[in-house]
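Geometric and topological summary
This is what each chain is made of:
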Amino acid sequence: MAELRHSSSLGSRAGSSPMKRDDTASPLIHEQHADDDDDGRSRHLFRDRVRSIWSYFPFVSDDPRVSQQNSRISLCLALFVVVAGLISILSIVNHLNAPYLCKKDGIVLHCPRVKEAPSLWENPYSATTSWKPCAERRLGGISELPPENETNGYIFIHAEGGLNQQRIAVWKFEDIFDVDHFIDYLKDDVRIVRDIPDWFTDKSELFSSIRRTVKNIPKYAPAQFYIDNVLPRIKEKKIMALKPFVDRLGYDNVPPEINRLRCRVNYHALKFLPEIEQMSDLLASRMKNRTGSSNPYMALHLRFEKGMVGLSFCDFVGTREEKAKMAEYRKKEWPRRYKNGSHLWQLALQKRKEGRCPLEPGEVAVILRAMGYPKETQIYVASGQVYGGQNRMAPLRNMFPNLVTKEELASQEELAGFRKHVTSLAALDFLVCLKSDVFVMTHGGNFAKLIIGARRYMGHRYKSIKPDKGLMSKSFGDPYMGWASFVEDVVVTHQTRTGLPEETFPNYDLWENPLTPCMCKA
């Protein structure tokens, strides 16, 4: 009791002293102690909650042996999360860095989405920066050229037809190609000679003798076919001609270096003569400045000559007299196909449904207008004499009055030197189409394929439009389709038909799309 009283008296005295009251009995100090108590209770409460949460996990325990095992499980889980994160990051980076490449699913072409607005004159920027030409880079795998005195023999190439086939028979066409550049550029790949060797005296035999001709070569034959069937004949006869020659060697069944060599020939070795290049530059410049200031221009390869219309065996709008004359023309030129003519109507309908008929000038005009090209568009027409003349061209010219040919762009004197050879005029058309902002083909053929392939090899920047003739035939034949629906069909269908990056095989041949064997990621 004395001790208690003593303590209480001390406490009362301490409480009565002003100094002691300030030091020990301050309200602030009292509140601090209260806060510390609250924090302690909060920490204990937090620990209890954490323990209650972890109690649901069987690998959490206060037992040291269990904790060691659990730490291993936790480490594995952490490693799994890190690896999954790295994979996700790499996939995102690869997706962002993936080159622009369209993929075909059946007949539908799916292309990567881009943020930029569609342009009438250029492909998406990402499509033009994803790929670069690399055919000049040799892959190897082909034996080096043997000495000239150890040659197996010579192949005599006799090409016929238009510009597309003549690009192969170089030494016969010095009037349009720079042969010296061609031979020098390919000196490490293949030995080319201008003339038949002197020891071969009877040169006419090459054109007339069956003994020196390898015939019946299947179309798109593999390389092994030539090794087994053509090479032995060349070794035996020393000089052999191949007939036919065009499209005889395959594309996807030959060594990759062979396809790269094709691209080196087509896009690097073959050059037109300087005067042809200069004249084509002049024509392209005039097209780009027809409005008085710089303007883009379209090149239209219009394949509607009489020969093409006849060969197609399709039916076109015309009078009874025109159709009767065309029937007589087909019967004379292609009697085996014509027969008695009774089957031709069904054949014509079937070909049009399948999109195998040339587009008429009026149909081309409607398609271009639906795509959004205005009336003021400058159009260069590469074509022979159009079947039906000015009457057939009237719908196209009415919708696009700024329609010109090389004869309208250049004077008679300027073109006089090129009229000596039809191939020279075709070469001018080829180059002006190649340099255009937009190229439009209206039917198949190697001329259009070569242009589209070259423009793709140049970087996919310039649009090369290939109309979907099958879809267009359905739309043109639907009397209930309104203009708005037609425009929507045309725009949606042709968004991906503009020469965008796409794998070459199996949908294209090398001349129309050289990407897979001849281009690399930029």
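Treat the numbers as computed from the prediction; the structure is a model and nothing was measured.

Conventions we followed
Residues numbered from 1 in each chain as written. Predicted model: local features only at pLDDT ≥ 70, side-chain atom pairs only at ≥ 80, totals over all residues. Heavy atoms only, no water. Disulfide = S-S within 2.5 Å. Helix = DSSP H or I, 4+ residues; strand = E, 2+ residues; numbered from the N terminus. Buried < 20%, exposed > 50% of the residue type's maximum accessible area, 1.4 Å probe, protein only. Pairing = 2+ DSSP bridges. Contact = heavy atoms within 4.5 Å. Axes fitted to C-alpha atoms, helices over the stretch in contact; angles between N-to-C directions. Salt bridge = Lys/Arg side-chain N within 4 Å of Asp/Glu carboxyl O. Parallel < 35°, antiparallel > 145°, perpendicular 65-115°, else oblique. Left-handed = near helix turned anticlockwise from the far one by under 90°. Nonpolar A, V, L, I, M, F, W, Y, C, P; charged D, E, K, R; others polar. Patch = residues over 30% accessible without salt bridge, like charges linked within 9 Å, V, L, I, M, F, W, Y side chains within 5 Å. Areas by Shrake-Rupley, 256 points an atom, 1.4 Å probe, with all protein chains shown as cover. Right-handed = clockwise from strand over helix to strand, strands pointing away.

Now for the state of the cysteines. Here a disulfide denotes a covalent bond joining the sulfur atom of one cysteine to the sulfur atom of another. One pass over the full model with this rule turns up four disulfides. At a sulfur-sulfur separation of 2.0 Å, the disulfide partner of C134 is C520. Judged by the sign of its S-S torsion, about 85 degrees, the cystine formed by C134 and C520 is right-handed. Here the residue C134 occupies a position in the loop between strand 3 (131–133) and strand 4 (154–156), and C520 occupies one in strand 12 (residues 519–521), the gap between them amounting to 386 residues. Per residue, the accessibility class of C134 equals that of C520, and both read buried.

The next point concerns the sheet that holds strand 6 (residues 239–242). If you trace the three strands from one edge of the open sheet to the other, you get 4-6-5, paired in parallel fashion. Where the open sheet ends on each side, the last strands, each with one partner, are strand 4 and strand 5 (213–214). Bridge count between strand 4 and strand 6: three bridges; the pairing is parallel. If you follow Y154 over to strand 6, its bridge partner there is I239. In the packing of helix 9 (residues 223–237) onto the sheet, the strands contacted are strand 4, strand 5 and strand 6, and the crossing angle to strand 6 comes to about 140 degrees.

This model, assessed by the stated rule, comprises 18 salt bridges. Note that K187 is salt-bridged to D184, the shortest N-O span being 3.7 Å. Residue class for D184 comes out partly exposed when judged on its relative accessible area of 47%. E321 is the salt-bridge partner of K325, the closest N and O atoms lying 3.5 Å from each other. With a gap of four residues between them, K325 and E321 both fall in helix 13 (residues 320–333), about one helical turn apart. Residue classification places K325 among the exposed positions, given a relative accessible area of 56%. Looking at E321, the relative accessible area reads 53%, which means it is exposed. Bridged by salt links that share partners, the residues R138, D189, E257 and R264 form one connected network.

Turning our eyes to something else, we now look at the packing of helix 11 (residues 274–288) against helix 20 (residues 422–434). Interaxial distance between helix 11 and helix 20 falls to 9 Å at its minimum, and their mutual angle equals 50 degrees. Judged on the interaxial angle alone, helix 20 and helix 11 are oblique. The hand of the helix 11/helix 20 crossing is right-handed. Contact residues: I276, E277, M279, S280 and L283 in helix 11; A427, L428, L431 and V432 in helix 20. Among the residues making up the contact of helix 11 with helix 20, the classes are represented as seven nonpolar, one polar and one charged.

This part is about a nonpolar patch on the surface. A contiguous nonpolar patch, built from V82, L86 and I89 and spanning about 280 Å² of accessible area, is present on the exposed surface. Residue placement: V82 occurs in helix 4 (residues 64–97).

Before going further, it helps to examine the pairing of strand 6. Taking every second residue as pointing to the same face, both faces of strand 6 are buried, with I239 and A241 on one and M240 and L242 on the other. Bridge analysis of strand 5 against strand 6 gives two bridges, and the strand direction is parallel. Bridging from a neighbouring strand, T213 pairs with A241 of strand 6. Chirality of the crossover, the property in question, places the unit of strand 5, helix 9 and strand 6 among those that are right-handed.

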